[in-house]
Amino acid sequence: MTDTLTQDWKSQLTNGKAIYLFEEGDAKMRDILGGKGANLAEMTRLGFPVPPGFTVTTEVCNVYLNGGNKFPASMPDEMKQAMASIEKKMNKGFGDRHNPLLVSVRSGAKFSMPGMMDTVLNLGLNDDTVQGLIEMSKDERFAYDAYRRFIMMFSDVVMGLSKHEFDKLLQKKKKALNITEDSLIPGAALKELVQEFKDKFKAEAGRDFPTDVYEQLSLSVEAVFRSWRNPRAMVYRDKEKIAHDLGTAVNVQSMVYGNMGDDCGTGVAFTRDYNSGAKVPVGDYLTNAQGEDVVAGIRTPKPLQALQQESPEMWRQLQETSNNLELHFKEMQDMEFTIEKGKLYMLQTRTGKRSAQAAIKIACDMVSEGLISKEDAVLRVSPSQLDNLLHPSIPPEAKKAAVEAGRFLAKGTGAAPGAACGKVVFEANDAVTEATKGPIILVRPETTPDDAHGMAVAKGILTSTGGPSSHAALVARGWGIPCIVGCEALRIDLDKKKVSVGDQTFGEGEWITFDGGTGEVFLGHTTLSEASELSPETKTLLGWADNVRKLGVYANADTPRDAERARNFGATGVGLCRTEHMFMERDRLPIVQEMILSAPRAEAMQRELVRATRELSEQVEGNRRHSDAQASLEAIEAKKAGPWKHYTDCLAKLLPIQREDFSGILRAMHGHWVIIRLLDPPLHEFLPAHSELLVDVTRLRTLRDLAPEAYTKGIEEIRHRREDSKATLESLEEMLHRVEAMKEFNPMLGLRVCRLGIVYPEIYKMQVRAIFEAACDLVKEGVDARPEVMIPGVGTVEEMQFVRKMVETVAADVQQQRGVQVKHKIGTMIELPRATMVAGELAQVADFFSFGTNDLTQTTYGYSRDDAAGTFIPVYLDEKILKNDPFQVVDRVGVGRLMRIAVEEGRAANAGLEVGICGEHGGEPESVAFCHTLGLDYVSCSPFRVPIARLAAAHAALAGQATFKDK
């Protein structure tokens, strides 16, 4: 045992109490009893058949961990006192040779973490008490089966010995007996196996297996405490955003036995279907087994309904208990039960993990049943669950083609819905590595909690054993990862990293596709289809959410199709239409490139002409220098004519294309505002990459001089690759020269955003003209078009004034020409720290602010988003230098403070100022909650995240930053 704490450690405990008997607690004590302990206490209080026990609190865990893994000195005596209460209730003695009491030692954190921490069963066995168990049960086989399980679990969980080494002894014994099932090993062989296990323990641990039952208990409680900080638990908490300082409680509960014969069994029952949400009981059941056989996926269980045929009375009792528990907790329940010699015992109940579809249906149904309110229903579904609802699927025609091509492999049990397609990996560590290169599917005989880090990065999980209540299924459903379990046709060879199905074989790195709803597995890569419609229940729930949220929800949409999809998902506006994406379309990119190449010279000459005109106007009429200036002006005009015409011709070609772009989006969003951002990125992004051009030019020059025939082929290859039939060495050299002239040392801070529109105003003028021509034409048709023109990257009020005047002039001209007035606004994207500091000034010449938090985060932190993601941010997250990736979750302390300043000072200067946020922060639940606290008017995100933002906004309105970890 580790060193003990002797100081006044109880001052750190609520009421100075370290241990609670089950009958002393209730469901409200989750903080100190953990979810499992609180629910066991509640069931005990309500009179359900719960084996007696006690809970060591989460506070003791934190005392232990924060004290350097030192056990409080008085804890062994306190556990003895609590154990005496169990002995009295069970009429057995802990360590008694003739009538032994055995217990389980299980973790139980405040928030459910299935399988992530440790459990020890059958604790209290030694060479003496096993004889008492034989006397009590009249079954030597049962007693030694319990003993070998205990040694194996204690060795693994408490002593950290390799479970695999003990499993090898077990498999060797079964092979020698020519059997495949653990349940068929006879008692004499199990007795031999117990001795082999003890010998292995001594060889590995350097000591005899402990026989003092209280030493077993103390060591096990400490091991469960330590498991709070094991890697898999840390990974799970990071994924679920559970705080790392909560600690786990430990539940010590008298054992009941599902492995004493055929009138015994164990199982997991859900009060409703965890995939569909239907109000029917589902789960897994095994006869003559202990709970670990079900949840660990060691054996493939029977469906829960099998109990109805095997034992109608037990089925009736289980259903009565299930219904009562659901009515009491007003939530779908996930229950563990054991039947011992025809008596039902409830070992645990908790809120059941369920698919996104099921979560929504259950919430809606419970409102209809009068169990919960609409507001409760909204809070019952987390935004992350809604995200999972939009999983891709396998198109029916793709399934049909795969079957016809002979690529159907097998069918297992669909444990978590959604389709997945990826390359096969077999080990969790390999999954983490390979997932950085592309989508992967983790394939295992079964998963264990140690696989959590690999599961977290997988697109899908496929196991050959286990049922819907196995570890793989529970974790996958909780994380929204498509999953199939119990696919027994798969013969998985982990050593060779191969899978055989009939006469087909596939291995690591090969593509497979599966449907986690139907359980179908296919060989090869299949293009999956994205969800495009919300279910009726989802629309109902989101309607309730819309009734309570304060934030508007817009979408980022660059095409009419994006806009239509966004409206289908409930967006009430477009918060960001990026015009640069339109410029990248293949049908217009050559025109864009031609325009870009002509812009610098043409605009420079235009500025020179403007200066010369200004100078001329300043000359005194009749002055001799006037004629010289006039001649100079005419020379500039003549010099400018060619380049300017070429430049404006390109813009004239782009104008109708842009007009059509904007017309489609404004039409799709009839009656809603559409915020259109003028050109934002540096112009060289639309040109071929410098390195690529340099390689092509160098290669062609070499071939021209040394191999004329190869030169001709090289030209043809480049024309084909660039889709440019007119490409020549000379045109490529000219392009290279222009690209080199436009190169910048720091493009992020160079000629881009509004600076681009000020230096090359004709580009912005063309875009504004296209916007207003489209809007005017639509208004004439009766379409309620509402454009908002966003000026990007403003840092000074002078920039805002300059570009706004330009926009207003063109807009007025178009509206006058068309004879139509269009509702419109002119505003800016706040994406520079200086803009937040002068927000009061900017607000006087802006109708709206839209926070561009991607660039605002970059410029506040001084991080390059694209470079940081693959270099130091993962390290910063691992080392806890950063709590969250600031490009994923808004940094409230730094970036958030700048946002707050901008909102407060902007609205102080302009009470009618509209303020929103665009970028993917607008669809991230924690960031949405922060936007709610700032009092923004709307958030904007990608169309597929619109439902998530709607729900997150409702959660923020109903409960501040609601948490959902009890789900």
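Above this text is the structure in question.
Student: Quick one: what's the story with the overall build of the chain, residue by residue and with numbers?
Tutor: A tally of regular secondary structure across the chain gives 38 helices and 31 strands. Its C-alpha atoms give the chain principal-axis dimensions of roughly 125 × 70 × 55 Å. Within the chain, the fraction of its 967 residues that count as buried is 56%. On the chain, roughly 39800 Å² of surface is accessible, and the fraction owed to carbon and sulfur atoms is 50%. In the chain, the 117 positive side-chain charges and the 135 negative ones have mean positions that sit 1 Å from each other.

Student: Now, about the side chain of Asp365: what can you tell me, with residues and values included?
Tutor: Tracing the backbone shows Asp365 in helix α13 (residues 356-368). When its relative accessible area of 19% is taken as the criterion, Asp365 is described as buried. When residues no more than four places from it in sequence are discounted, the contact partners of Asp365 are Arg272 and Gly277.

Student: Could you give an account of the packing of aromatic side chains, naming the residues involved and the relevant values?
Tutor: Under the defined criterion, the tally for this structure stands at 19 aromatic pairs. Centroid distance Phe270 to Tyr274: 4.7 Å. Interplanar angle 75°. Geometry classified as edge-to-face. When the centroid spacing of 4.3 Å and the interplanar angle of 10° are considered together, the rings of Tyr554 and Tyr938 count as stacked. Placement of Tyr554 in strand β24 (residues 552-556) and of Tyr938 in strand β31 (residues 938-941) is noted, with a sequence separation of 384 residues between them. Neither residue differs from the other here; Tyr554 and Tyr938 are each classed as buried. Taken together through their ring pairs, the aromatic side chains of Phe150, Phe154, Phe201 and Phe209 make up a single cluster. Here the basic side chain of Lys17 rests over the ring of Tyr20, its NZ or CZ set 5.1 Å away from the ring centre. Here the guanidinium or amino end of Lys343 rests over the ring plane of Tyr345, the centre of that ring lying 5.3 Å away.

Student: Mind laying out helix α38 (residues 946-959), listing which residues take part and the relevant values?
Tutor: Taking 1.5 Å as the rise per residue, α38 with 14 residues should run 20 Å; its terminal C-alpha atoms sit 20 Å apart, in good agreement. Among the 14 residues that make up α38, eleven are buried, leaving the element largely enclosed by the rest of the structure. Three or more residues of α38 are buried, namely Val946, Pro947, Ile948, Ala949, Arg950, Leu951, Ala952, Ala953, Ala954, His955 and Ala956.

Conventions adopted
- Residues numbered from 1 in each chain as written.
- Predicted model: local features only at pLDDT ≥ 70, side-chain atom pairs only at ≥ 80, totals over all residues.
- Heavy atoms only, no water.
- Helix = DSSP H or I, 4+ residues; strand = E, 2+ residues; numbered from the N terminus.
- Buried < 20%, exposed > 50% of the residue type's maximum accessible area, 1.4 Å probe, protein only.
- Areas by Shrake-Rupley, 256 points an atom, 1.4 Å probe, with all protein chains shown as cover.
- Lys, Arg positive; Asp, Glu negative; His and termini not counted.
- Charge placed at Lys NZ, Arg CZ, Asp CG, Glu CD.
- Contact = heavy atoms within 4.5 Å.
- Phe/Tyr/Trp six-rings, centres within 6.5 Å; stacked < 30°, edge-to-face > 60°.
- Lys NZ or Arg CZ within 6 Å of the ring centre and 35° of its normal.
- Expected span 1.5 Å × (residues − 1).

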